[in-house]
Structure formats: C-alpha cells, structure tokens
Amino acid sequence: MIDSLCLFLKKWIGSPENYGYLNASLRARSTSFLQGEQYASLARGGLRGVEAFLLESRYARAYRLELVSTETSSLKRLETALALGVAEELHFVRSLAQGEPAALLSVLLARADLHNGRLLLRSFAVPRRDALLQPLWHEYGSISGDLYHELWESASLLELCERCRAVVHPFAGAIGEAAAALARGHPLVVAERRFRLGILEALRSEISSFSSSNVARVREYLGRLIDLWNIGIWLRHHTGYEETPHQESEYVPEGYALPSHRLVLARSLAEVVHGTPWRSWIRNIAETTPSEFQRALHGAFLQWQMGLMRKNPLGIEVAIGYVARQITEWQNLNTIVVGAALGLSPDGILERLIGIKN
C-alpha cells in the first residue's frame, strides 16, 4: 500500500529534480531499519530467530520465495533472501527518483557492479576456477545478476571478452577491458585498476550534465571511495602481500584527500593519512591484519555516509545515508546469520556488527 502511494505521488508531482518528495519518502521508510536492541535479540535467537524476523519484515516476500525453492540449506536460503530483499528495496528507491537525483542514485548503486565485476575478474586469476562456486551477485546495480551469471559461465578470458563486447553497457565494457589485460598476462592489480577506471569514467559521464552542490557531494563520495581503494593498495605493498615495485601508476587518480605521490612516498600509515580526514578514522581502528583493517575502514566509510542523512534534508545526502543504512543492515544481518551457523556467541556476533556497540 505504501509503495503504491509513493509511486502515485511521484507521478503526480512530476518534478524533474524531486529531492523533496524523494527524501520525505526515504525518511519515512528509514523508520523500519533495525536498532541496536533488535540486533542483540536476533543475535541471541540464532537462525530460527532470523527466520521468524524475516517473515514479518520487508524481506518477507523474498524469504517466502526461498522457502518454496529447492534449496535445502537454511544458511543459503537466508543469505539469498536477504540479498534479494535488499535488491528489491534499492530498485524501488531508484524508481522514486527523477532527473538529477536519479543520475546520482545510479552512482551510489554502482557499488553493486564494482563488487560483482571484481568477483568475476578475480575468479579468472585463480589456478582452479572450475572448483569455484558462483557467488551470490549483488542485484541492485545497473547490470542484472542474470548477465553476471552468463559472464561467469565463460570458459576463458577470451570468451569473457567476447561476451562483454556483445553487451551495450559501459560497465560490461570495463569488465571486458580488464579481462583483456588479464589475457595479455598483466597482474590482477593492473586489471582491477583498469576496471575501476572504466566504471569511474562511466559514472562521471552520467552526472557530467549536472553541476549542483548535490553533484559535488557525490563526487566527494567517489573521491573517498578511491582513497579507500588506494589505502588497500598501499597496505598490500607494506605488509608483504605485493612484491612488485611500488609505482604511482598503480593507484587510482582523483581521490578525495590522498594524492598518488603521497602514497608512494609514505613509509607508514600515519604518513599516509597525516593532515587528512582519514586520520581520525585510522586512529580509532585497532585491527592489525590488512584484511581486518580494511573491513574496519569500510565500516567507518559506511558510518560517514549514514551520518550524512541529517546534514541536508533537501539534498542527495538523505539518499546517500539511506542506501548506506540499507547496505549496513544487510551486512549486519548476514554477519548474524553466518555467526549463528558457525556457533559464535551472541556477544561475539555483536562485536562484528557495523555501528553497533555491545
């Protein structure tokens, strides 16, 4: 009923830049996000508790579809239902926007294609690709999960390139260019850089006709995302994961606060972030291994996005915060599901949640 009313109002208002309507809708929908005590209750309830919650939540339709599927694993059913439920919600949110908000939302939701494309490319960089299970695709981006499934079925990098060329979409072109780099013998880090540059070029083209403060905020979001990628590249070199010479050309340009020359010259993480907004984020992260550190930094990035929701009631900040809250809830529910399946204690699960203090 609420969804039908929202779509009716959208058509009735008919604004080419409908921030007021869009943001009012998102704030109303945000009341259904889980709070801390609800997460604690789910962590204590195990898999059965999560199943009962899903049947009464916004994920109910997706979970009921999984209940009548042939999947026998409770864990797999729950993970799939959560992924499909999130995709449904974010596709609906995209449908509420027109004009500039729609273009900017496409940039925010491209995180799905960035995730899926990297998984696809990395699968061709392992020795026994035939032993890999196809991943659960993020379905809220510009390219459908069915197409990623088709690309995954490619028997070789050359076949992947051919299939990408047949798809009229810049993101598929970016995957194809990266796959061609792998086929020519370039390392995965080079292929991933080409993929990211291709996606960024398409996203910047998408919003190039707009010049408002909302566009500036989304460009800041992209810049911070680039910084996050580049910190990961720096960490690989300074923790022994990457043995090739450290070069400025490895980094993705046009970050928010970390120019490539700083990253090449810095000998410690403190030097990397000195005098930048990243300094306060880094200082509060206690994890030591590269993977744990980057996971914590990703959580801090999501919290920054969620914090924007109250910054500007008539700007894109509300959508940035809403999408981040949806992604965070999804990740937290997945953590609860996997933690319960592994037999972790409720306190152990809560410690791993983003933005939740036990």
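No experiment lies behind these values; they were computed from the predicted model shown.

Criteria and thresholds
- Residues numbered from 1 in each chain as written.
- Predicted model: local features only at pLDDT ≥ 70, side-chain atom pairs only at ≥ 80, totals over all residues.
- Heavy atoms only, no water.
- Helix = DSSP H or I, 4+ residues; strand = E, 2+ residues; numbered from the N terminus.
- Rg over C-alpha atoms; globule rule 2.2 N^0.38 Å.
- Areas by Shrake-Rupley, 256 points an atom, 1.4 Å probe, with all protein chains shown as cover.
- Lys, Arg positive; Asp, Glu negative; His and termini not counted.
- Charge placed at Lys NZ, Arg CZ, Asp CG, Glu CD.
- Buried < 20%, exposed > 50% of the residue type's maximum accessible area, 1.4 Å probe, protein only.
- Contact = heavy atoms within 4.5 Å.
- Axes fitted to C-alpha atoms, helices over the stretch in contact; angles between N-to-C directions.
- Left-handed = near helix turned anticlockwise from the far one by under 90°.
- Nonpolar A, V, L, I, M, F, W, Y, C, P; charged D, E, K, R; others polar.
- Salt bridge = Lys/Arg side-chain N within 4 Å of Asp/Glu carboxyl O.
- Phe/Tyr/Trp six-rings, centres within 6.5 Å; stacked < 30°, edge-to-face > 60°.
- Lys NZ or Arg CZ within 6 Å of the ring centre and 35° of its normal.
- Core = buried A, V, L, I, M, F, W, Y, C linked by side-chain atoms within 4.5 Å.
- Patch = residues over 30% accessible without salt bridge, like charges linked within 9 Å, V, L, I, M, F, W, Y side chains within 5 Å.
- Polar contact = N/O pair within 3.5 Å; in protein donor to acceptor, adjacent residues only side chain to side chain.

Asker: When you look at the overall build of the protein in this model, what are you seeing that I'm missing?
Answerer: Secondary structure summary: the protein contains 18 helices and zero strands in total. The C-alpha radius of gyration of the protein comes to 21 Å, within 12% of the 21 Å expected for a compact globule of 358 residues. Dimensions of the protein, computed from C-alpha atoms along their principal axes, come out at roughly 55 × 50 × 45 Å. Here the protein has roughly 17300 Å² of accessible surface; of this, 54% comes from carbon and sulfur atoms. Here the protein holds 38 positive side-chain charges and 37 negative ones, and the gap between their average locations is 4 Å.

Asker: I'm lost on helix H6 (residues 99–109) in this one. Help?
Answerer: Every α-helix winds through 3.6 residues per turn, so residues three or four apart in the chain are directed the same way. Judged by how many residues are buried, H6 sits mostly within the fold: nine of eleven residues are covered. As for H6, its buried residues are in contact with helix H2 (19–29), helix H5 (74–96), helix H7 (111–123), helix H11 (188–206), helix H12 (213–238) and helix H17 (317–342).

Asker: It is not clear to me how the packing of helix H3 (residues 36–54) against H5 should be interpreted in this structure. Could you clarify?
Answerer: The packing of two helices is summarised by the inter-axis angle and the distance between the axes. Where H3 contacts H5, the axes come no closer than 11 Å and their chain directions differ by 35°. Relative to H5, the crossing made by H3 is left-handed. Contacts between H3 and H5 involve Leu47, Val50, Glu51 and Leu54 from the first element and Ser74, Arg77, Leu78 and Leu82 from the second. Of the residues that constitute the contact of H3 with H5, the class distribution is five nonpolar, one polar and two charged.

Asker: I'm lost on the pattern of salt bridges in this one. Help?
Answerer: It is possible for side chains of opposite charge to pair when their charged atoms get near one another. In total, this model carries 15 salt bridges according to the counting rule given. When the shortest N-O distance is used, the salt bridge between Glu317 and Arg217 registers 3.1 Å. In this pair, Glu317 is assigned in helix H17 and Arg217 in helix H12, connecting sequence segments 100 residues apart. Here Glu271 ties to Arg267 by a salt bridge, and the two come within 3.6 Å at their closest N and O atoms. A relative accessible area of 69% places Arg267 in the exposed class.

Asker: I'm lost on unusual backbone geometry in this one. Help?
Answerer: Both trends apply: most residues other than glycine have a negative phi, and most peptide bonds are in trans. Despite not being glycine, Glu254 shows a phi value in the positive range, around 65°. On the basis of relative accessibility, which here comes to 58%, the residue Glu254 falls in the exposed class.

Asker: I'm lost on the packing of aromatic side chains in this one. Help?
Answerer: By convention here, two paired aromatic rings are described through the distance between centres and the angle between planes. For the coordinates displayed, the defined rule picks out eight aromatic pairs. For the ring pair Phe33 and Tyr322, a centre distance of 5.1 Å and an interplane angle of 55° mean the geometry is tilted. Linking Phe33 in the loop between H2 and H3 with Tyr322 in helix H17, this pair joins segments that are 289 residues apart in sequence. Like Phe33, the residue Tyr322 is buried in the burial classification. Centroid distance Trp278 to Trp281: 4.8 Å. Interplanar angle 75°. Geometry classified as edge-to-face. Pair noted here: Trp278 and Trp281 are both in helix H15 (residues 278–283), with a separation of three residues, about one helical turn. Overall, the relative accessible area of 0% leaves Trp278 in the buried class. For Arg58, the ring lying beneath its charged end belongs to Phe33, and the centroid distance is 4.7 Å. In this arrangement the basic side chain of Arg129 is found over the ring face of Trp152, its NZ or CZ atom lying 4.6 Å from the centre.

Asker: Explain the nonpolar core here, please?
Answerer: It is characteristic of soluble globular proteins that their nonpolar side chains tend to be buried jointly. In this structure, Tyr140, Trp278 and Leu297 are the most contacted members of the largest nonpolar core, which totals 115 residues. Here the element with the most residues in this core is H12; it accounts for twelve residues. Residues in contact with Tyr140, not counting those within four places in the same chain, are Val86, Ala87, Leu90, His91, Arg94, Leu109, Arg111, Ala112, Ile327 and Trp330.

Asker: Can you help me understand a nonpolar patch on the surface in this one?
Answerer: On the surface, a cluster of nonpolar side chains totalling about 250 Å² of accessible area is made up of Val338, Leu342 and Leu344. The residue Leu344 is located in the loop between H17 and helix H18 (346–350) in this model.

Asker: It is not clear to me how the side chain of Glu317 should be interpreted in this structure. Could you clarify?
Answerer: When its relative accessible area of 6% is taken as the criterion, Glu317 is described as buried. Among the polar contacts listed, one links the side chain of Glu317 to the side chain of Arg217, at a separation of 3.1 Å. With near-sequence residues (within four places) excluded, Glu317 lies in contact with Asn214, Arg217, Leu308, Met309, Lys311 and Asn312.

Purely spatial values, then, with no claim about function.
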